[in-house]
Every structure is written in structure tokens, then in C-alpha cells.
Amino acid sequence: MKNIITTVNGVSGVVHDDPWSMPGEDESDNRDFQIVSLERLLALAESGERLQGQYGVMLHPDDDPDILLPWLASLRLIALQFPRFSDGRAYSQAYLLRARYGFEGELRAVGDVLRDQLAAMRHCGFSSFAIREDRSAEEALKGLEVFDLIYARSVSTPQPLFRRR
Amino acid sequence: MYRYDEYDRALVQARVEQFRDQVARRLSGDLSEEEFLPLRLQNGLYLQKHAYMLRVANPYGTLSADQLRVLAKIATDFDRGYGHFTTRQNIQFNWIELEQVPDILQLLADHDMHAIQTSGNCVRNITTEAFAGVAGDEVMDPRPLAEILRQWSTVNPEFLFLPRKFKIAISSSASDRAAVRAHDIGLYLYRGGSGEMLLDVMAGGGLGRTPILNERVKQGLPWQHILTYTEAVLRVYNRYGRRDNKYKARIKILVKALGVDAFAKEVEREWELIKDSDAELTEKEYQRVAAGFAPPVYERLDLIDPEYGAWLARDPQFGLWVQRNTQPHKVAGYASVILSTKPGASAPPGDVTGEQMNTVADLAERYGFGEIRVSHEQNLVLPDIRKQDLYPLWKKLTEINLAKPNVGLLTDVIACPGGDYCALANTRSLPVTRAIQERFDNIDFLHDLGDLTLNISGCVNACGHHHIGNIGILGVDKKGEEFFQITIGGAQGKNSSLGKVIGRAFRAEEVPEAINRLLQAYLDYREAEEPFIETVNRIGLDPFKERVYPTPTDAAQLKLEEASV
Ligand code: SF4
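Being a predicted model, the structure only gives us computed values, none of them experimental.

**Points about the side chain of asparagine 3 of chain A**
All names here are of chain A.
- Tracing the chain through its elements places asparagine 3 in the segment before β1 (4-8).
- Within the structure, the side chain of asparagine 3 is placed 2.6 Å from the backbone oxygen of arginine 135, a separation counted as a polar contact.
- Setting aside residues no more than four positions away along its own chain, asparagine 3 makes contact with Phe129, Ala130, Ile131, Arg132, Glu133, Arg135, Ser136 and Ala137.

In C-alpha cells, the structure reads:
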């Protein structure tokens, strides 16, 4: 994928050789670094097949993330969608995947992903960001360089501020 | 008052810088209007009919004298000399230049204030009683929990893009002066059998085009869980609330669709998973915040002040004002004073000039402890006034036109800004408000009518809370012409109810006479001291309809309209 920012160990940067493909792009069974749709993941499971190697899955904002429980350990990446940046369902999905189900792989924001929402996404556990294609990822990176203190607990700060004050 | 510490201060300062950058990017075209929209809304900035409007948060309606002076400065330096206090205890400025907003926010931040989340689809300013901490009938002070909720909800990253706006109110008095039941979450705070603080949580209320009073989803929630439970409600709402239709996106629609029991169960299931976590509130944090709301050092005063008593006897005008515009205080010898922002024709409800604000700030320091409150009725309150000072204070308030003795009476109208400012309006609510205030200017008549609330909204969005006014007026557009529909029987407080439409809508110029016929019917039917709302509840709508629509054509028209509903 193009226009990707990742955050590794707290350091964010633009990635120029991101290996991942979106659902529907290249679905040859033996290809590494595919993001498959949830439907395909479920269909493969039904037929007893398994994806080999590194793979990821994309959820719809309506999906309950607990449907991924059987695969959480083997999934390298989960993509969550922002159909519009003002649609905030994926923030809660991200929170649940990280804080409740303990997903440790890459959590990627895809769709209408823009600079001014990145800090909130990071707080909720996103670790990579597919910036909307008509926007510069370098510019968007500034959205992660802001001072972003929050009071409530979140994935980034499991202890709310009042326990640290 | 709660005092900002270094964290609170750092947050609001950083926010100013962030928004300054966003405004610059908008002006340079880097940000499209569509992308800028939610960013500016989350900083309180609306685009209205003629200009930008900036809504500043007054957390739970509390201001220091210095903060009020800052609002006065914004009114005079950046606006046209006045601001408008709202039903949610905020203030809005109607004539703001986009380029100047960062400087205004800077001014606010330098005085521990902000405009964060005063609009947009996020958790809004937490509201409570204007008399919190001082009311004679208060169970306990709800402000520490309101402040804790304010902090928790401010830039809470998971809940910044909810399906729709989200309003929380908390009350802890016998009467509920915070319109708790009209909120997305309403909280009633009280003490349990062994003195512990408990909350009843109400969810799914809201006015707008589908008015619904909230219902109880949790009884006796221990205070330590106020944040975890709110988090559970918001997570359920954020995930399952409708996003396909703006008019069906409030939490009330979700609660209604699931049924309140099923909704409560869903929340309970989520809450069970998070209640025993670090998000559980600590005694230490409660005490830290509550310290800011410790009562001031009151003087020991006699219940009755001889001089005050003498003035009461000597000056009936003063007596009238005391009767309507003061509230019992929990400390002997003190009273809370309400400054009516409803003088009548000279200013729209809630509008206060910069000069008035400065004088009020001075009076708050001279006669009180330097604190001012904003009420749900859009009035200002000086919470702690010695009874012996009431007379000189009244004199001064009279000079600045804030002493109309009409609090709780017909002309103490709650009104939205309507078509004179608001881009969404169907009608102009302010001229109708003024016509009513002019028509019923006789103070003896008003006092004879007694407790009576009249609320008016310029469109179905119901910012003027017309559904919960004893008399409600809603502006509607009929083929490009302004009409006004009248409801009666609405009420806020512990006995909240939604008003019912009495019949066909009126042209603006017909409204005052229609109201007059309504009032005459009340005067004819009331028993003894019965307030308007009780008469309505006792005899129902029909006797009022008959009087308001006396002609056969009216009656026929009414039947037709009823048949078509
Ligand atoms: S009720 Fe309508 S006209 Fe009045 S302020 Fe709200 S949106 Fe505007």
C-alpha cells in the first residue's frame, strides 16, 4: 500500500515500501502480506483451508471485533475502516482489539484517514495509518507530532491521568 | 471553583496552538471546508447566517469574576458588544471573524477557559444546577463530579466522533433545575442509607424533532463508577448508534429501538468488563477536585436582618424583586440572587452586554465571593449574597437593567437565537418573544399568573426547549411563511413532561392574542393558588383549545388537522 505511516516503539515515520495489499487487489493463496476481507477469512475457515504466511484482515465498522478471536494470534495486521473521518466506530473497535482482546500485531487505519485525527487514533491503539491518497503522508506525519495530553485512560495510556497526578 | 493545575493548563494552551495551525491551513486552502468543519465545531465555532459564532464553555455554568471580565472583553473587542447565554450554561458570540478566533481562544486559555467540545458530535459541556453548592434544597454539591466528567470527556480519543452530539447533566436537589430528563445522560446524585454517594443514571433523553424524556438505566450506581459506566454507555452508543440519518442518530433513537431494558442490559454487559479497572475513580481524585468547591467562609449571620426587613416593608418594588429573584440559601442570612436577562423589549433573552458583565463581575466581588453562575433559563446568578446587602445590590442591578422582577414568570422566556442569527432557523423567534414580553408587561398581572414557563424555538431543533415549557412555542415554515405552533403542559424538573400541541399554528402577529386567550382560560379555571401547569394537568387540553380557537372555522380547521396527523 502507498502513503503509509507507521509507529514503531513510539517513533512514527513514512514507509515507502509497505508490502501489504488491500482485499481484492491480489488474492493468490500463496502470496504473503495480503489483507483479506472478513468474508474471505470466514469462507477459508469454513472450507478448512488456512492462509499461509503473513496475512491480515479488514473489518467493516459494523463488525464486532470479537469475531476475530480464533485468529488473533496468527494475524499480523488488522485494518479498520473510516468510511468518513467523522465516522468514529473504528476508535471503539481499536480500543477493544487492544485493551480487551490483547491484539499485538499492526492495527491500521484505512479510508478517510487525515492528519488531524491521527493523534486520537494512536491513543486508541492504531499503529499504522493509510493516509488518504490525495494527501501527503509527510504532511500528515505532523499530526503525530502534536502535544496530545488526554485525561481519560486509553490504549496509549492505560492509567487515566487522575492516577498519575 | 476548580483551579487548573499544570496539566489542565497545558492542555488548553496546546489546543490553542493546534487550532491556530488549523485555521492557518484552512485560510491557505490546505484544509477543505468539509475537513475543517468538525475541527472548528470541536472548538465551538459555527458558521451562522451572517458570521461565525463562537460558543465558549462555562463548565457547569460557573464563572469567576475575572473570567466574566474576559467574556466582557471578547464581547467588546471581538464582537458587537454583547454575548448570548444559552440554556446549556454556555455563552455564544455571534459576530466573530475566523482570523481572530485563535487570539480569542488564547485569551480564554490564559484564564483557564476554553471552547472545546461546545459543539460537534462529541460530549458537550457538562451542565448542572445554577445553585449548586448553595441551594437550600440541595442534597450535595454535584460540581466535583461534573468537573471530573468534564475532564474525562475532554478530548477523550475514543468518543470524539460519535453519531451525534451528546449532552450530560447532573443534579442533586429536590427540584432538579438542570432539566436532567432532557439529556442524553442524566444523573441524579443522592446519598444511600449509610451516607454513601449514589447515582441514578438516566439515558436516552433529548428534545429536537423527536422529543423524548430519558429513562432510568441504572439505579444506585456507586460514585466511583461514574466514569466506567459513562464509558460503557458511550461505547455502546458509538458502536451501535445510527449514522445513516442525522435525525435518527441521537442515543434516544437507539434506546428506543432496543427498548430501555435491552439497552440497559447491553450497557451492563459492557460495564461488567471495565468496572474493576484503573478507570474506577479514586477517593483521592474526588477529594482533589472537591477541594476546589469547598464552601467559602460565610459569616455567622442572624436569619433575619433588621435593616433588610425594614427595606422590605418600605419598598414594595424591592419586595417584589426579592420574592421572584432570590432563592433560599443553605446558610442563614444569605440568599442567592438571580439577575434576569429578560428585561423585555430592550434585549433578547440571554443577551448581556460587555458593560453589564463588567459591572456584574464587580458586584460579585463586592457583595459575594467573586463567583457568578449561568442558569438553564439563561439568567445569571450571584450565589452568595448577605441579605443585608440585597437592597444596595438591587439598586445597582436596577441601574444596569438586570433587575426585572420576573424570574419564573411568563416573561422570563427561554428563547433560541432563531432566524436573526441561526442558519438552520425556519422562523425568527426573537420578534415573537419581544411581542409577548411587550403584550404582558404589567408586572401585577404577571405576578398574579404566578409560576409559568414559556419557551420558544425557531425550528424543530428545539434549542429553546419549547417541549418542556409550560407554554411552548415552535416556529414552523409553511410555504415560506412563518407560523408558530403552541404546546401546553410541558415541564422540566422532577415532574418533567412534554407539551402537547393545542391546534393549528398562528401567524407571528396572532401569537400574543392567542397566548392571552390561553391565559384567560387558565385564570377562569384555576383553583385557589394552582399554578398554570397544574390546571392543565387537572382539566386537560380541551378547555384551553375551546378558548384559544373560539370560531367554528377554527374548530373545523382543527378537526381537519387532527385527522391528518
Ligand atoms: S431551535 Fe432552530 S432556530 Fe433556534 S437556535 Fe436551534 S437550530 Fe437555530
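**Concerning the sheet that holds strand β8 (residues 185-191) of chain B**
Residues and elements named next belong to chain B.
- Across the sheet, five strands lie side by side as β6-β7-β8-β9-β10; this open sheet has mixed pairing. Sheet topology places β6 (127-128) and β10 (215-222) at the edges, where each strand pairs with a single neighbour.
- Pairing of strand β9 (residues 197-203) with β10, which is carried by five bridges, proceeds in the antiparallel orientation. Bridge pairing links alanine 203 to glutamate 215 in β10.
- Against the sheet, helix α6 (residues 226-240) engages β7 (168-171), β8, β9 and β10, with an angle of about 150° to β10.

**A look at the pattern of salt bridges**
- Tallied over the entire structure, the rule returns 61 salt bridges over all chains.
- Among the ionic pairs, aspartate 66 of chain B bridges to arginine 69 of chain B, the shortest N-O distance being 3.0 Å. Placement of the pair is aspartate 66 of chain B and arginine 69 of chain B together in helix α3 (residues 65-78), with a separation of three residues, close to one helical turn.
- Between glutamate 299 of chain B and arginine 386 of chain B there is a salt bridge, with its nearest N and O atoms 2.9 Å apart. Highlighted residues: glutamate 299 of chain B in the loop between α9 (283-290) and α10 (306-314) and arginine 386 of chain B in strand β15 (residues 380-386), separated in sequence by 87 residues.
- With a relative accessible area of 40%, glutamate 299 of chain B lands in the partly exposed category.
- A single salt-bridge network, built from bridges that share partners, covers Arg100 and Arg153 of chain A together with Glu158, Glu231, Arg235 and Glu270 of chain B.

**Describing the sheet that holds strand β11 (residues 326-328) of chain B**
Residue and element names in this part refer to chain B.
- Spatially, the five strands line up as an open sheet ordered β3-β14-β15-β12-β11, and their pairing is antiparallel. In the strand order of this sheet, the two ends are held by β3 (62-64) and β11, each with one partner. Between one strand and the next, the sheet's axes are offset by a mean angle of 30°, whatever the strand orientation.
- Bridging between β3 and strand β14 (residues 371-374) involves three bridges; their strand directions are antiparallel. Looking at β14, one finds that serine 64 is bridged to glutamate 371.

Cut-off values and rules
- Residues numbered from 1 in each chain as written.
- Chains lettered and ligands numbered in written order.
- Predicted model: local features only at pLDDT ≥ 70, side-chain atom pairs only at ≥ 80, totals over all residues.
- Heavy atoms only, no water.
- Helix = DSSP H or I, 4+ residues; strand = E, 2+ residues; numbered from the N terminus.
- Polar contact = N/O pair within 3.5 Å; in protein donor to acceptor, adjacent residues only side chain to side chain.
- Contact = heavy atoms within 4.5 Å.
- Pairing = 2+ DSSP bridges.
- Axes fitted to C-alpha atoms, helices over the stretch in contact; angles between N-to-C directions.
- Salt bridge = Lys/Arg side-chain N within 4 Å of Asp/Glu carboxyl O.
- Buried < 20%, exposed > 50% of the residue type's maximum accessible area, 1.4 Å probe, protein only.

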